[in-house]
Each structure stands twice: as structure tokens, then as C-alpha cells.
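Coordinate analysis (summary)
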There are 2 protein chains.
Amino acid sequence: MTGSEKSYHHGDLRAALLHAAEQELGEKDRDQFSLRSVAKRAGVSHAAPAHHFGDVTGLMAALATLGFDRFLETQKARQAQASAEPHEQLLQAGFGYIDFAMSHPALFRLMFGKSWGEISDVALKASADAAFDHLVQNVAAVTGGDPETDPDTRTAIASVWAMVHGLADLMIGGAPRYLTEAAPDDRDRMLRQIIGSSLPAPEAGPAQGAAADTIHD
Amino acid sequence: MTGSEKSYHHGDLRAALLHAAEQELGEKDRDQFSLRSVAKRAGVSHAAPAHHFGDVTGLMAALATLGFDRFLETQKARQAQASAEPHEQLLQAGFGYIDFAMSHPALFRLMFGKSWGEISDVALKASADAAFDHLVQNVAAVTGGDPETDPDTRTAIASVWAMVHGLADLMIGGAPRYLTEAAPDDRDRMLRQIIGSSLPAPEAGPAQGAAADTIHD
DNA sequence: CGCAAATCTAGACAGTGTCAAGAAATGGCG
DNA sequence: CGCCATTTCTTGACACTGTCTAGATTTGCG
């Protein structure tokens, strides 16, 4: 423990392996990534990860879990330093969504790479669901409807999610040159406009949005 | 040639390898996919693909090129059996976009997996650009603006593309249960509504669309 | 102290992509 | 037609991958 420079037992190898894997994922491509290389980076033998994560898919699942947690944090951090008005909150969550994707493209692709249905890891599913629920709540706060029953709210959830996710995924690939070539200010304005267009009802009038102040949560 | 059952020279191995690779990609996961397995499926030695595609990335590029071509065909096929009205044309292109993604999820992920900037293969870039230009033209036909100069058109392009791409990518993963759980009819209606919400101006009046008949094509 | 459990190492195995050398078929030129 | 350069494919080898098994080392608990 303490220093834990080089003892037979690492102390907290699981976290160290996750850290190494995250760096490895950030530097190299998805196919350059190897279990042995992260083990080497962590300074342990090639078979050490097996005991903590079992399979390589186990490490991926743990990595994706960690990713979803930070994903949610990024969105909340963006929202924290913004107006409490629901519409603005949802907008900032969307920016956080895109921020995370562009900051950690490989991790983002890993998180959304596998099909939702075939997730067996309970921790991963919990973290992913938490991130999803956050989006649902933010949309519901804007529409004012129940996500489970109100069809307009359900459509709005799918709409906003698709728009933000599509922007994130496309900007990772650098596809829409109309977005990537634009100056940062222009880009933010365009994103704002685009995300806003996917919202159910931006506002009927300028005074309408102030109604949220009475409740304000 | 002729029968070409089993001669030393295959005849058209390149096409056969692409076909085998496509099937392999459809059946197995991205990581199960291997150069040797497609060679075995095509009935040739494990080193045969190297001469036609050089690297494994070369095969991937060729496969993605083939994918983008079919991607474009799928959209055009959808549009062909629909009204010539620009708004409806764009909508059908979007449905084709999503159709293709759900029919060939692995290929779709392969096509959009790599960053746009680091594409060196000229054929791949050409096919991808062709697909992108098709979208641009369809959006421009709705807005009536120049894609290069009109900022509203540029924003509309990014908006529509992001929405449709986001829907496609999310539905591959089965993420938005509000969409995947819905009955097919409901889903189409929701998609129509969602895609429509990302459009600049749905329509000013019902008679407006008939103007396309005069020009047609 | 002693021993079971947990943690990590070392070695082996099948499978991967890539490279070099050579065999087999093709096509052009005399 | 005959011959040879070129293309196409095979074979074998190499380093590397993930996973399995056996064993070494450390920890923790009675």
C-alpha cells in the first residue's frame, strides 16, 4: 500500500487498469487497443486484467460504465452554470452531450457501439440508464408531460436525443463541414438553433418562459 | 473463366471477397470479422486478399465504398416511388437513410466509423461525397437557397443530417425504447414528425408543392 | 503461527494480420 | 506456335493478440 511502488500485489490494480485503458483508448485507434498493451502500461503481466475483468468485454463494459458516469457529469456541469429555466437546461445538457463526445471520441463510440439489448453487465446498464433518464427528465421539464404516457413528450424525447446524438456522432467524424469549418462562435449559434429546432415548443412568447420562476425547483 | 469452378486463378476474386466480407460483416460482430475468415469463405488462401486490397484497411475502404453506393441507391429508391415535391423527397431520403442503417448496421457503422479527414482512398471519398451531395441537393431543393452561401440552408443541411443520422445510429443500438417499442405504424409517424421538425419550413400552403410539377426532374 | 483465499506471473495454445518466397496461370511478343 | 514477363494465388513464417492452466507470491483471518 502506501507507496505501492512495486510489490507483487498492486493495491488497486482495477482502477489502474481502467486508467491505463482510458489513456490507451485516447491515444490509439480502436483496433490498436489491446489488453496486453494496457497491462504493459499498467506495469503488470498480460494476464493480470483477466482476474479483475474476466473477459476483454468485461474491461470494455467497465470502461463504458466509467464513460457514462463522466458523460452525465459533463452534462450536469454545463447545466450548473446556466439559467435554471428548463429550456436552457435542456440546451446545456445537449451541449454537454456533444462536448463529451468531442473530448472523448473513442470512449463515446465504445459507449454507443454495442446494441442496447445485449448489455448484460448490470453496472453498465445502470449507468447508461441514469444518463438516459437524465435526458428524459430534462425534456419532460420542458414539455411538462409525463414521459411514459404523453405521446408528445415521448416524441420530443426521441427527437431531441436523435438530434443531439447525431450532431455528436457526426462531429466526431468531422462529417458536416458546414459545422466543423465554421468558427467556434458560429458553430455554437448554429448548434443552438439546430437543437432548438428539435424542441417541441421553444416558447410561445417572451413572457411565457418566466413562468418557470414561480416553481423554479 | 466460364464456370470457373476451381481453377488456380479465381477470375473475379476481388468481387467475391467483397461479397464474402459483406456477408461475414452481416453475420458476425465487428471483432469476429477477420481477413482470414473472409478468405476462407471465398475459398482462397489467407493471403489472397492482400494482393487485391493490400491492407485490411484497404478491404474495409472498398467495403465502405460499396456501402456508400448502396446507401445512396436505397435513398433514391425510396424517393423514386414518392411525390416529386421537394419536402416529401427529402423526407423519403431520410427514411432511406434510416432503412439502410437498420438493414446493414455493421456496414453502416463501418462507413461512419472513421474520421472524415483521414480518408485517403479516393474511391471511398468519392462515394461518400456523392452520398453527402445528394443530401445537400435535397435540402437545398426545399429551402431554395444556395448551400454554399445561404446560411439558413447550411444550417438546415446540418440540422436534417444530424437528426436523420442520430435516429439511424440510435435505432441500430436500439437505444430509444420510445421508438423501438412503438408499433411500426406509430414509429413511421413519429419519424415523420421528428424529421419534419428538423426541416426549415414544412410548407406554407398545400398548393405550394404542386409547383414542382412544372419543372419535374 | 498457519493455512485458505486472493492476487499476480509465466508459459502455452489457437488465431490474427502481414511479409517473403515460390507455384500456377495469363497475356503479349517473337 | 513457343517463350517469357506479369499477374494471381499458395505456402510458410513471424510477431502479436486473447484466453486458459499451473504455479508463485502476498494477504487476511482464525
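For the structure itself, consult the block above.
Just so you know, these numbers come straight off a predicted model, no measurement behind them.

**Notes on the packing of helix H5 (residues 86-103) of chain B against helix H7 (residues 122-143) of chain B**
All names here are of chain B. Between H5 and H7, the least distance of the axes is 8 Å, while the angle of their chain directions is 150°. Here H7 runs roughly antiparallel to H5, going by the angle between their axes. The way H5 lies across H7 gives a crossing that is left-handed. Contact with H5, carried on its side by Pro 86, His 87, Gln 89, Leu 90 and Ala 93, involves Leu 135, Asn 138, Val 139, Ala 141 and Val 142 of H7 and no other residues of that element. For the contact of H5 with H7, the per-class residue count stands at seven nonpolar, three polar and no charged.

**Structural notes on the interface of chain B and chain A**
Facing 28 residues of chain B, the contacting portion of chain A comprises 28 residues. The set of elements that each furnish at least two residues to the side of chain B that touches chain A consists of helix H8 (151-173), helix H9 (177-180) and helix H10 (184-197) of chain B. Top element by residues in the side of chain B that touches chain A is H8(B). It accounts for 14 residues. When the residues that make up the side of chain B that touches chain A are grouped by side-chain class, the tally is 15 nonpolar, eleven polar and two charged.

**Quick look at the relation of the copies chain B and chain A**
Mapping chain B onto chain A calls for a screw motion: a turn of 180° about the axis and a shift of 0.0 Å along it, with 0.1 Å RMSD after fitting. What we have between these two chains is a two-fold relation. Of every C-alpha in chain B, the one belonging to B:Gly166 sits nearest the axis of rotation, 1.7 Å from it. In this assembly the copies share their binding face: 100% of the residues contributing to the interface of chain B also contribute to that of chain A.

What counts and how
Residues numbered from 1 in each chain as written. Chains lettered and ligands numbered in written order. Predicted model: local features only at pLDDT ≥ 70, side-chain atom pairs only at ≥ 80, totals over all residues. Axes fitted to C-alpha atoms, helices over the stretch in contact; angles between N-to-C directions. Helix = DSSP H or I, 4+ residues; strand = E, 2+ residues; numbered from the N terminus. Parallel < 35°, antiparallel > 145°, perpendicular 65-115°, else oblique. Left-handed = near helix turned anticlockwise from the far one by under 90°. Contact = placed C-beta atoms within 7 Å. Nonpolar A, V, L, I, M, F, W, Y, C, P; charged D, E, K, R; others polar. Least-squares fit on C-alpha atoms with pLDDT ≥ 70 in both.

The analysis is restricted to geometry; functional conclusions fall outside its scope.
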